[in-house]
Amino acid sequence: MKQIIIDCDPGIDDALALLLAAGSPSLRILAVTTVAGNRPVATTAVNGRKIMDLAGRREVPVYAGAARPLGYAEARCNLVHGEDGLGGVDVGDAALVQEGHAANRLIELLLSHPPHSIELVATAPLTNLALAESLSPGILRRARRLLVMGGALRFPGNITPAAEFNFYADPVAAEMVLAAGANTVLFPLDVTSSAIMTPAWIESFNQLGSVCGRAAAGMLQAYAELDPLLHDACPVAYLLDETLFTGEPCHLEVDWRPGVTAGHTLAWFGEQIDDAHAANALAMTAVRNDALLELVRSAIGSLP
Ligand code: BDR
Ligand code: CA
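Quick summary incoming for the structure in this document. What you see is a predicted model; the values in this text were computed from it and never measured.

## A closer look at the site of ligand 1
1) Next: Among the 13 residues in the neighbourhood of ligand 1, the closest are listed as Asp13, Asn38, Asn158, Glu164 and Asp232.
2) Next: Here an oxygen atom of ligand 1 and a side-chain polar atom of Asp13 are 2.6 Å apart.
3) Next: Thr123 places a polar main-chain atom, nitrogen or oxygen, 3.2 Å from an oxygen atom of ligand 1.
4) Next: Starting from 280 Å² of accessible surface for ligand 1 in isolation, the protein chains cover 97%.
5) Next: Of all elements in the fold, only helix H1 (12-22) and helix H5 (165-169) reach the threshold of two or more residues within the shell around ligand 1.
6) Next: Its residues assigned to classes, the shell around ligand 1 comprises two nonpolar, seven polar and four charged.

Structure, rendered in structure tokens:
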């Protein structure tokens, strides 16, 4: 069984990632931590709690974390996921979010478990992970792997021509995390642009006849009109079946400076990797989409 923490900003594709993890018996979710991203942190925390409750996983603690990115006065949210972050779909009331800051909880969990025993999935701006690394240098290297959805390498950004949303929303944090020396697996737009939802697949959730199935169908119908890509399910799916994906080692740096290219991810591949630019990540570049969609549908099909 793999022990995982999911740092996220639900967000509909984050919600799908949470449901995929909750419906996968080979994953033990130690905690869900949330951050300002798609929506403000108070909303993403409540949404994380609601989704875990919907999945029948009240025992999984949910913690709220950073309300703003590093170096910016305001969170950089978006409305792709609707005002409430879940496409206006009623997924029930939330139980209470736990006391305590997500960054502190990340540190406590990584220190209280054996080194390299926790898979840390991040599907949001990386502010909580960067704060944890600032408070406790070296803490991210205690994770078995960091599985990060973010960045755009040989692919254009989705917020500016240069930058993908999670890295655009907190470029300083993204650079700090990639430079932390952890065992990082990146899921940039290069791969998630191939993780395409189809209308028939979305409709198949309604046919499950379950509470989670109906919620998933409702959320995805709202989301697919604006962004038909299953970005955040990818790192969780990788934990379940690495053979779905193809990746390449690379050296990554993020433009953390304010300006038109803020949040841009620069990647050195193959022969470009040298002593000055040693590989610091494995970046996924391709996915078998039919198998990915089936994996997600089948896991969510096991939920109430
Ligand atoms: C990322 O941005 C968010 O809108 C999604 O949840 C995903 O994490 C894709 O760029
Ligand atoms: Ca997200």
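Okay, back to it.
## Re the sheet that holds strand S1 (residues 2-8)
1) Next: Pairing is mixed across the open sheet formed by nine strands, whose spatial order is S3-S2-S1-S4-S5-S6-S9-S7-S8. Only two strands of the sheet have a single neighbouring strand rather than two, namely strand S3 (62-64) and strand S8 (265-269). Within this sheet the neighbouring strands show an average axis-to-axis angle of 30°, counted without direction.
2) Next: Bridge count between strand S4 (residues 118-122) and strand S5 (residues 145-149): four bridges; the pairing is parallel.

## Some remarks on the nonpolar core
1) Next: In terms of nonpolar packing, the biggest core is built from 58 residues, with Trp201, Phe245 and Val296 touching the most fellow members.
2) Next: Tallying contributions element by element places H1 first for this core, with nine residues.
3) Next: Sequence-distant contacts of Trp201, defined by excluding residues within four places in its chain, comprise Leu16, Leu220, Leu230, Leu293, Glu294, Val296 and Arg297.
4) Next: Counting residues in each nonpolar core, the second largest holds 37 residues, with Ile5, Leu129, Phe167 and Ala174 among its members.

## Quick notes on the coordination of the calcium ion (ligand 2)
1) Next: Coordination of the calcium ion (ligand 2) by the protein is provided by Asp9 (OD), Asp14 (OD), Asp14 (OD), Thr123 (O) and Asp232 (OD), with metal-donor distances spanning 2.3 to 2.5 Å.
2) Next: Sequence spacing of the donors to the calcium ion (ligand 2): D-x4-D-x108-T-x108-D. Pair noted here: Asp14 is in helix H1 and Asp232 is in the loop between helix H9 (211-224) and helix H10 (233-240), with a separation of 218 residues, a long-range link.
3) Next: On the accessibility criterion, Asp232 (3% relative accessible area) is buried.

The rules behind these values
- Residues numbered from 1 in each chain as written.
- Chains lettered and ligands numbered in written order.
- Predicted model: local features only at pLDDT ≥ 70, side-chain atom pairs only at ≥ 80, totals over all residues.
- Heavy atoms only, no water.
- Near = heavy atom within 4 Å.
- Polar contact = N/O pair within 3.5 Å; in protein donor to acceptor, adjacent residues only side chain to side chain.
- Areas by Shrake-Rupley, 256 points an atom, 1.4 Å probe, with all protein chains shown as cover.
- Helix = DSSP H or I, 4+ residues; strand = E, 2+ residues; numbered from the N terminus.
- Nonpolar A, V, L, I, M, F, W, Y, C, P; charged D, E, K, R; others polar.
- Pairing = 2+ DSSP bridges.
- Axes fitted to C-alpha atoms, helices over the stretch in contact; angles between N-to-C directions.
- Core = buried A, V, L, I, M, F, W, Y, C linked by side-chain atoms within 4.5 Å.
- Buried < 20%, exposed > 50% of the residue type's maximum accessible area, 1.4 Å probe, protein only.
- Contact = heavy atoms within 4.5 Å.
- Donors = N, O, S within 2.8 Å, 3.2 Å for Na, K, Ca; no water.

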